[in-house]
Amino acid sequence: APAIGIDVGGTKIASGVLIGGELRGRHVQPTPETGWPAVLDAIAAQVQGLQAQFPDAARVGVGVPGPLSLDRRRVKFAPNIYGFTDVPLVEGLEERLGLRVVLENDAKAAALAEAHLGAARGTGSSVYVTVSTGIGAGIVLGGRIWRGRHGIAGELGHVTVMPGGPVSGAGLDGALEAIASGTAIARDASYALNRDVSTAEAFTLAAGGHPAARRVVDQALRHIGVALSDLQKLLDPEVFVIGGGVASVGDAFFEGVQAAADEYAGPFAPVTIRRAQLGGDAGVIGAALAAGQEGA
Ligand code: ADP
């Protein structure tokens, strides 16, 4: 049955209907910045608009960039969305819509999308990694998200890779995302060059041979590759899929990550890394798939 997917981001709310593996009726609007009830109103309006167009779409999935309560009814916090702290999202939307709503974390939704309809399609196990403002991941086994006992499985950005290193937003030193996210690369490049340098500019300068920029970028890619080689040893998935704004750099990003992953795979097993295929649609598609797996 067709399912509605909603991807709530810090700047925009995107939606669409997944019908037979195809995303239709794409819609985008700015995320309200007046508090979470307004965001829920906007989501409900998008759902109603899509239902007018696709009357048999009765399942709704919503992806949100932040950790969820264990029962996946509340968003604990979403740092990039104004006023999004302890939000009763499922209850609030079900009240507004009179429909069953499924909530999913955005990285896990993207992981589901890439596993079913993207770069990891046809595999029995995959790990999706997003390298963007932060670093997140989703583990898909047998077509379903692996959540773990507390729902934290996939918190790759918060894995400690350098005790004593920079402190992350979660308050721990040496987490992968404090060293290798887009934010970390811009921070380190800005420090090294003593001026404001964006992540994209750091990559451009590195490609042009700027020694300090190269060092910053190379170290970040190295840490990501090492992390993937560790995950290979822990989980041994068939493939890794990497997406997110930083991965959109393309060849230079993937070559650097693959080289480090190969180096640290050592004698164990090769690390297969693919580029995400669904781009900006991954969140919407994944939210719809989550609804299809668990809805009504
Ligand atoms: P979000 O983190 O909100 O999901 P993105 O996936 O777009 O958003 O990731 C944003 C991060 O990606 C920022 O750190 C940004 O600097 C970085 N980024 C975006 N485009 C590029 C690019 N072309 N090259 C390198 N970094 C990029």
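Anything mentioned here points back to the structure above.
Throughout what follows, the structure given in this document is the object of discussion. (Residues numbered from 1 in each chain as written. Predicted model: local features only at pLDDT ≥ 70, side-chain atom pairs only at ≥ 80, totals over all residues. Heavy atoms only, no water.)

## Some words on the environment of Leu40
Part 1 of the reasoning: Within the element layout of this structure, Leu40 appears in helix α1 (residues 36–53).
Part 2 of the reasoning: Using a relative accessible area of 0% as the deciding quantity, one classes Leu40 as buried.
Part 3 of the reasoning: Every residue in contact with Leu40, bar those within four places of it in the chain, is listed here: Pro88, Leu89, Gly92, Leu93 and Arg96. (Helix = DSSP H or I, 4+ residues; strand = E, 2+ residues; numbered from the N terminus. Buried < 20%, exposed > 50% of the residue type's maximum accessible area, 1.4 Å probe, protein only. Contact = heavy atoms within 4.5 Å.)

## Let's talk about the packing of helix α7 (residues 211–235) against helix α8 (residues 251–265)
Part 1 of the reasoning: Contact geometry for α7 and α8: axes closest at 7 Å, N-to-C directions at 50°. One way to sum up the angle between α7 and α8 is to call them oblique. Note on packing geometry: the crossing formed by α7 with α8 is right-handed. Together, Leu221, Arg222, Ile224, Gly225, Val226, Leu228, Ser229 and Lys233 of α7 and Ala252, Phe253, Gly256, Val257, Ala260, Ala261, Glu263, Tyr264 and Ala265 of α8 make up the contact between the two elements.
Part 2 of the reasoning: Looking at side-chain class alone, the contact of α7 with α8 contains 11 nonpolar, three polar and three charged residues. (Axes fitted to C-alpha atoms, helices over the stretch in contact; angles between N-to-C directions. Parallel < 35°, antiparallel > 145°, perpendicular 65-115°, else oblique. Left-handed = near helix turned anticlockwise from the far one by under 90°. Nonpolar A, V, L, I, M, F, W, Y, C, P; charged D, E, K, R; others polar.)

## Structural notes on the pattern of salt bridges
Opposite charge on two side chains makes pairing possible when the charged atoms of those side chains draw close.
Part 1 of the reasoning: Tallied over the full model, the rule gives 13 salt bridges.
Part 2 of the reasoning: A salt bridge links Glu263 to Arg222, with the shortest nitrogen-to-oxygen separation between them at 3.2 Å. Highlighted residues: Glu263 in helix α8 and Arg222 in helix α7, separated in sequence by 41 residues.
Part 3 of the reasoning: A relative accessible area of 30% places Arg222 in the partly exposed class.
Part 4 of the reasoning: Within the structure, one salt-bridge network assembled from shared partners comprises Arg72, Glu104, Arg147 and Glu294. (Salt bridge = Lys/Arg side-chain N within 4 Å of Asp/Glu carboxyl O.)

## A short note on empty space enclosed by the protein
Part 1 of the reasoning: All chains considered together, the criterion is met by one cavity of 30 Å³ or more.
Part 2 of the reasoning: Considering only enclosed or pocket space, the largest cavity measures out at about 30 Å³ in volume.
Part 3 of the reasoning: What lines the largest cavity is Ala111, Glu114, Ala115, Ala120, Ser126, Val127, Tyr128, Gly138, Val140 and Val241.
Part 4 of the reasoning: Going through the elements one at a time, α3 (106–117), β8 (125–131) and β9 (135–141) are the ones with two or more residues in the lining of the largest cavity. (1 Å grid on protein atoms, 1.4 Å probe; cavity = no way out; pocket = protein on both sides within 12 Å on 5 of 7 lines; lining within 4 Å. Points joined across faces, edges and corners; volume = space filled by probe spheres on them.)

## Looking at the layout of surface pockets
One water molecule sets the probe size; rolling that probe over the atoms shows where empty space is left.
Part 1 of the reasoning: There is about 300 Å³ of room inside the second largest pocket.
Part 2 of the reasoning: Around the second largest pocket sit 18 residues that line it, and Glu155, Leu156, Val159, Leu231 and Leu234 are the ones nearest its centre.
Part 3 of the reasoning: Secondary-structure elements contributing two or more residues to the lining of the second largest pocket are β9 and α7.
Part 4 of the reasoning: Counting residues per element, the lining of the second largest pocket draws most heavily on α7, which supplies seven residues.
Part 5 of the reasoning: Looking at side-chain class alone, the lining of the second largest pocket contains 14 nonpolar, two polar and two charged residues.

## Some words on the environment of Gly16
Part 1 of the reasoning: Assignment of secondary structure puts Gly16 in strand β2 (residues 12–19).
Part 2 of the reasoning: In this structure the C-alpha to C-alpha distance between Gly16 and His27, which are 11 residues apart in sequence, comes to 6.2 Å.
Part 3 of the reasoning: Non-local contacts of Gly16, meaning those with residues more than four positions away in its chain, are made with Ala3, Ile4, Gly5, Leu23, Arg24, Gly25, Arg26, Leu50 and Val284.

## A closer look at the site of the ligand
Part 1 of the reasoning: The environment of the ligand is made up of Ser132, Thr133, Gly182, Thr183, Thr199, Ala200, Gly244, Gly245, Val246, Ser248 and Val249.
Part 2 of the reasoning: For the ligand, an oxygen atom lies 3.3 Å from a polar atom in the side chain of Ser132.
Part 3 of the reasoning: Contact distances for the ligand include 3.1 Å between an oxygen atom and a side-chain N or O atom of Thr199.
Part 4 of the reasoning: When the free accessible area of the ligand is taken as 560 Å², the share hidden by the protein chains comes to 55%.
Part 5 of the reasoning: Breaking the shell around the ligand down by element, the ones donating at least two residues are α5 (182–193) and α6 (199–207).
Part 6 of the reasoning: The residue inventory of the shell around the ligand, partitioned by class, reads three nonpolar, eight polar and no charged. (Near = heavy atom within 4 Å. Polar contact = N/O pair within 3.5 Å; in protein donor to acceptor, adjacent residues only side chain to side chain. Areas by Shrake-Rupley, 256 points an atom, 1.4 Å probe, with all protein chains shown as cover.)

## Structural notes on the nonpolar core
Part 1 of the reasoning: In this structure, Leu228, Ile242, Phe253 and Ile273 are the most contacted members of the largest nonpolar core, which totals 38 residues.
Part 2 of the reasoning: Among the secondary structure elements, those contributing two or more residues to this core are β8, β9, α4 (176–180), α5, α6, α7, β11 (239–243) and α8.
Part 3 of the reasoning: Top element by residues in this core is α7. It accounts for nine residues.
Part 4 of the reasoning: Setting aside its immediate chain neighbours within four residues, Ile273 contacts Leu228, Phe240, Ile242, Phe254, Val257, Gln258 and Ala261.
Part 5 of the reasoning: Core analysis: the second largest hydrophobic core is formed by 30 residues, Ile6, Val17, Leu50 and Leu103 among them. (Core = buried A, V, L, I, M, F, W, Y, C linked by side-chain atoms within 4.5 Å.)

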